[in-house]
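Commentary on secondary and tertiary structure
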Amino acid sequence: MTQRVEAEPHYLVPGAVFDATRSLFRLRTGGSARRVAEHLVRELGGHLVPAGTDGPDVIQVDVSFGDGEPLLPAAAPGSAARALLERYLATFLLDARLVLQLSGQNELLAESASTDSLTGLPNRRMLERALGRLSADDTVIMLDLDHFKQVNDTFGHAAGDAVLRVFGHVLGATVRGRDTVGRFGGEEFVVVLPSMQGADAFLDRLRAEWLTKRPFPVTFSAGIAASTGDPDETVHLADEALYQAKKAGRDQWIWALARRPAGYLPTPDYVPAYLRDAVLGNRGPAVQLTLDLLDRRVSRERIVVDLLAAAQREVGQRWYCNELTPADEHLASGVTAAALDMLMSDETVPPADGGLTVVTCAEGDFHALAAQMFGELLRGHGLGVTVLGASSPAEVVAEYLVRSGADSLAVSCSVPIFFPGVLRLIDVAHRQGIPVIVGGLAFGVSARRAERLGADAWALTAADAAVILSGWKSEPPWVSRAPMLVDPVALRLSAQADALGGAAFDGLAARLPAMADYDERQLARTREDLVFIVGFLAASLLVADYEIFGDFLDWLQNLLARRGVPPQALIAGLEALGPVIEAVDTAAALLLDRGRQGILNGPR
C-alpha cells in the first residue's frame, strides 16, 4: 500500500517582497536598509511602532539597522498582514544584514575601482558612467592645467603630483549638490553641471580658490559645452573649446557652439541585433549589448527610449503580423525587463527630495514594461517613485494612493483604446485631491488628448515629466474633485467593443467569401481586428481627436497587407460594422464611414 504524502502548499510571494529583495543589491548603508524594511512592513499591511511598545500586535524585531530610533513592526494576531510579516520579514532582515556586512568588506575594493588614487576624485571609469547619464540640461566642462609638463620637467614628478593632488582637492571642494567631477586622465579633469547657468560662476570660484592654494604658479584653461543629447559629441565639443582656449593664450575658458543633431538616435543599428537574441530568450548577449552602449557613453534615457522601447514596439508589430508567436513575445519582454533592471541597477541616483509619485499603466493594459521604463527614468532624475503592476484596477490604485501617502500619480498609456482606463485612474486620484500627469505614445505630441481626459499635465519625455513633478513639490496644482465630463457614447462603445465586434464578425462572411478558407487563427485575428476598430473609434470620440481613428486604419491597412490580406477585406469589415455601430450612435457610424471612404480613396 502506497503511503500518501501531502503536498506542501504553494504560496504566491507578494510583489513587495520581490521589490525588497531586488533592493538588496543596492543597499550600502543602514539608513538605506531601514527605508527598505519600513517600506516592506507597510506594503505587507503592517505598521511601525517605537521600541519599547508592548502588546500582542508588536513583533519584537528591530528594523532600524542602527540608523535612528529603533522601530518594531506590528500587525494584529491572526491577520493576513501578521502572517505575511512572520513569513517574510525575518528572512529579509537577515539577508539585508549579510549584504551590509559584505558591502563593508568590499568598500575599499569598490573605492579603489572607482577613485583616482592621486587626487581622490572619481576616475575616468566613473566619469564615463556619469556622462552616460547626461541629460538635455547638463553642461560639460573640460579642464586642463596649463604648462603642466614644464612643472614635471623643471621640478620633478613629485612636484607635478603635488599640483594634481591640490588641484583635485580644490576642484572637489568647489563642486556643489548634483555637480559631478572627476579626473579624465593626465592633467585633464571633467565637470558636469546640471544646468547651463552656473558654468562661468563655477569657474570663477574655482580660479579664485586655486590662486590661494596652488603650490606652483600653474593656471588652467577650460572648454564648456551645453549637452547636445549625445555624450560623445558633447565631450568632443568641450574638448574643441578647450583647444581654442589654449590656442587663445591659456588661463581662460571658452564656450563651444552647441549643436543638437536633428532626430538624434544613437541606437537604431542595434535594435535588430538586440531582437535576434531577445526573441530567443538569450538574456546574456542582449543585456551585454545594452551595457556596451552605456560604456560607449550613450545615456541611459536614450538606451531605454531608442533601444529597449523601440525593440518592444517592434516585437508587438511582428507578433501582430504573425511573424512571432506569443512565446516569442513573452521571451522578448522578459529579456527587456532584465536588460532594464541591469541598466538601471548600478546607477547612482540622487536621493529623492521628498514626495512620492505612483506610476501605473492605464487600466486594462497588461503590458507593464512601458510604465516600468518610465518609472526607472523618473528615479534617475531624483524622484521618489513606486511602479505598480500591469492593469491595476482603479479602486486598487485609489487604495494604494491613500496607504502610501503619494502626492502625485503618473499614468503611462501606449494604446488609445485604454483611454477609458486612464479616465478612471484620473477620477479616483482627483477624488483624493492628487494631481495626475500622463504620457506615452497614445497621447501623441501635444497636451490636447490629456486635457480632454482631465489630466493635470502631459509630458512627451521622462525628463519633461521630471521637471513638472519637481515643480509640483513646491507648487502643487489645483485639482478639481468633480468627475470629468466626457462623451457617454464613447464610453458605451468602449465597454461594448467585444460584443459589437463579435456581432459584425457574424455578418462578415456574407460580405467576404474568402473567409470560408480561413483557418482558426485567421478567423480569431479577423474578429480581433473588428474589436480593435470599435475600440479605436471609441477612443477618437472620447478625446474628440479623429486622427486617432484615421491613423489606426492606415496602420491596420498596412498590417493586413503584410499579412497578405487585400484592402477589400478591411472595407468589408467596416461595412459589416456599419449597422452595428449605427444602432448605438449615428455620429459614430458617420465617423466609421468616413474611415471607409478614406480607404476607398487611397492613402491620406
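These figures come from a predicted structure and were not determined experimentally.

**Let's talk about the packing of aromatic side chains**
In total, this model carries seven aromatic pairs according to the counting rule given. Three or more aromatic residues link up through ring pairs in this structure, and these residues are F167, F189, W210 and F220. Above the face of the F184 ring, R124 is positioned so that its terminal group lies 3.9 Å from the ring centre.

**Some remarks on the sheet that holds strand β8 (residues 357-361)**
Pairing is parallel across the open sheet formed by five strands, whose spatial order is β9-β8-β10-β11-β12. On the outer flanks of this sheet lie β9 (385-387) and β12 (457-458), each paired with one strand and no other. With two bridges joining them, strand β11 (residues 436-439) and β12 adopt parallel strand pairing. Bridging from a neighbouring strand, I437 pairs with A457 of β12. Contacts from helix α14 (residues 394-404) reach β8, β9 and β10 (408-412) within the one sheet, and its direction differs from that of β8 by about 165°. Against the sheet, helix α15 (residues 419-431) contacts β8, β10 and β11, and its axis sits at roughly 160° relative to β11.

**Looking at the sheet that holds strand β4 (residues 180-185)**
The strand order across the open sheet built from five strands is β4-β5-β3-β6-β7, with neighbouring strands paired in mixed fashion. The two strands at the open ends of the sheet, each matched to only one other strand, are β4 and β7 (253-255). Taken pair by pair, the neighbouring strands of this sheet meet at an average axis angle of 20°, ignoring direction. Note that strand β3 (residues 139-145) and strand β5 (residues 188-193) share six bridges and pair antiparallel. Within the sheet, the bridge partner assigned to M142 lies in β5 and is V190. Across the sheet, helix α4 (residues 124-132) touches β3, β4 and β5, and the angle it forms with β4 is around 130°.

**Digging into the pattern of salt bridges**
If you walk through the whole model with that rule in mind, you get 23 salt bridges. The residue R42 makes a salt bridge to E38 at a minimum N-O spacing of 4.0 Å. Of this pair, R42 and E38 both sit in helix α2 (residues 30-43), four residues apart, roughly one helical turn. Here R379 makes a salt bridge to E376, at a shortest N to O gap of 3.3 Å. Of the two residues, R379 and E376 both sit in helix α13 (residues 369-380), three residues apart, roughly one turn of that helix. By relative accessible area, R379 is classed as partly exposed at 24%. In the salt-bridge network here, residues are joined through shared partners; they are R511, E575, D593 and R596.

**Overview of the side chain of T526**
Following the sequence through the fold, T526 ends up in helix α20 (residues 520-543). The contacts of T526, once residues within four sequence positions are left out, are F505, L508 and Y518.

**Concerning the packing of helix α11 (residues 300-320) against helix α12 (residues 326-345)**
Where α11 contacts α12, the axes come no closer than 10 Å and their chain directions differ by 175°. Classed by the angle they form, the pair α11 and α12 counts as roughly antiparallel. Residues R300, I303, V304, L308, Q312, V315 and W319 of α11 lie in contact with α12, whose contacting residues are P326, E329, A332, S333, T336, A339, L340, L343 and M344. For the contact of α11 with α12, the class distribution of residues is eleven nonpolar, three polar and two charged.

**Description of the packing of helix α10 (residues 283-295) against α11**
Interaxial distance between α10 and α11 falls to 10 Å at its minimum, and their mutual angle equals 140°. Looking at the two axes, α10 sits oblique to α11. In this structure, α10 meets α11 at a crossing whose hand is right-handed. Of the residues in α11, those touching α10 at L289, T290, L293 and L294 are R300, I303, L307 and L308. When its residues are assigned to classes, the contact of α10 with α11 shows six nonpolar, one polar and one charged.

**Quick word on helix α21 (residues 547-562)**
An ideal rise of 1.5 Å per residue puts 22 Å on 16 residues; α21 measures up with 23 Å between its terminal C-alpha atoms. I548, F549, G550, F552, L553, L556, L559 and L560 are the residues of α21 that are buried. Looking one or two residues beyond α21, the residue adopting positive phi is G564, at roughly 85°.

**Here we look at unusual backbone geometry**
Note: most residues except glycine have negative phi, and most peptide bonds are trans. Despite not being glycine, H147 shows a phi value in the positive range, around 50°. Within the secondary structure, H147 sits in the loop between β3 and α5 (148-155). Residue R250 is not a glycine yet carries a positive backbone phi of 70°. By the element assignment, R250 lies in the loop between α8 (231-247) and β7.

**Section: the environment of L293**
If you trace the backbone, L293 turns up in helix α10. Sequence-wise, L293 and L343 are 50 residues apart; in three dimensions their C-alpha atoms are separated by 10.0 Å.

**Here's the deal with the pairing of β4**
Across five bridges, β4 lies against β5 in antiparallel orientation. The residue of β5 that forms the bridge with G182 is V190. The antiparallel hairpin formed by β4 and β5 contains two residues in its connecting segment, where G186 sits at a positive phi of about 60°.

**Structural notes on the nonpolar core**
Membership of the largest hydrophobic core comes to 126 residues, with the highest contact counts inside it found for F419, V422, V438, L493, I533 and I581. Looking at this core element by element, the count peaks at eleven residues for α20. Once residues lying within four places of it in the same chain are set aside, the contact partners of V422 are A362, V411, C413, V438, F443 and L453. By size, the runner-up hydrophobic cluster in this structure holds 28 residues, among which are A159, V181, F189 and L206.

**Side note on the side chain of S408**
Within the fold, S408 resides in strand β10. Residues within four places of S408 in sequence aside, it is in contact with L356, T357, V358, I434, P435, L469 and W472.

**Notes on helix α9 (residues 270-278)**
Inspection of α9 places V271, Y274, L275 and A278 among the buried residues, and these make up the whole buried set. Buried residues in α9, looked at end-on, bunch into an arc of 100°, giving them a common side. Contacts made by the buried residues of α9 are with α10, α11 and α12.

**Re the confidence of the model for the chain**
Residues shown with low pLDDT carry predicted positions that ought not to be read at fine detail. Per-residue confidence for the chain gives a mean pLDDT of 83, with 90% of residues at or over 70. A low-confidence stretch, residues 1-12 (pLDDT under 50), is modelled with three contacts involving residues beyond four sequence positions or located in other chains. Long-range and interchain partners of residues 348-352, a stretch whose pLDDT sits below 50, account for twelve contacts in this model, where long-range means more than four residues apart.

**Observations regarding the environment of A159**
Assignment of secondary structure puts A159 in helix α6 (residues 157-174). For A159, a relative accessible area of 9% translates into the label buried. Residues in contact with A159, not counting those within four places in the same chain, are V151 and F216.

About the criteria used
- Numbers given for residues are sequential positions, taken from 1 along each chain in its written order.
- pLDDT decides what is reported in this predicted model: residues at 70 or higher carry local features, side-chain atom pairs at 80 or more are listed and counted, and totals for whole chains, interfaces and linings draw on all residues regardless.
- Excluded from the side-chain calculations are hydrogens and water; all other atoms, namely the structure's heavy atoms, are used.
- Two aromatic rings from Phe, Tyr or Trp, using only the six-membered ring of Trp, form a pair when their centres are within 6.5 Å; if the ring planes differ by under 30 degrees the pair is stacked, by over 60 it is edge-to-face, and anything between is tilted.
- The criterion for a charge sitting over a ring is simple: Lys NZ or Arg CZ within 6 Å of the ring centre, and within 35 degrees of the ring normal.
- At least two bridges found by DSSP between two strands are what make those strands a pair.
- A run of DSSP states H or I qualifies as a helix once it reaches four residues; a run of E qualifies as a strand once it reaches two. Both are numbered from the N-terminal end.
- Pairs of residues are marked as contacts when any of their non-hydrogen atoms sit within 4.5 Å.
- A fitted line through C-alpha atoms represents every axis, and for helices the fit uses only the stretch in contact; the resulting angles, taken between N-to-C directions, go from 0 to 180 degrees.
- Here, a salt bridge means any Lys or Arg side-chain nitrogen found within 4 Å of an Asp or Glu carboxyl oxygen.
- Whether a residue is buried, partly exposed or exposed follows from its accessible area with a 1.4 Å probe, protein chains only, as a fraction of its type maximum: under 20%, in between, or over 50%, in that order.
- By the definition adopted for this analysis, an angle is roughly parallel if under 35 degrees, roughly antiparallel if over 145, roughly perpendicular if from 65 to 115, and oblique otherwise.
- Each residue receives one of three labels: charged for Asp, Glu, Lys and Arg, nonpolar for Ala, Val, Leu, Ile, Met, Phe, Trp, Tyr, Cys and Pro, and polar for the others, Gly being one of them.
- Take the far helix as the reference: if the near one is turned anticlockwise from it by less than a right angle, the crossing is left-handed, and if turned clockwise, right-handed.
- How far a helix is expected to stretch is found by multiplying one less than its residue total by 1.5 Å.
- Among the buried residues, those of types Ala, Val, Leu, Ile, Met, Phe, Trp, Tyr and Cys that are joined through side-chain atoms within 4.5 Å form a nonpolar core.
- Relevant arc is that of directions from the helix axis to the C-beta atoms, nothing else.
- A score between 0 and 100, pLDDT records how confident the predictor is in each residue.

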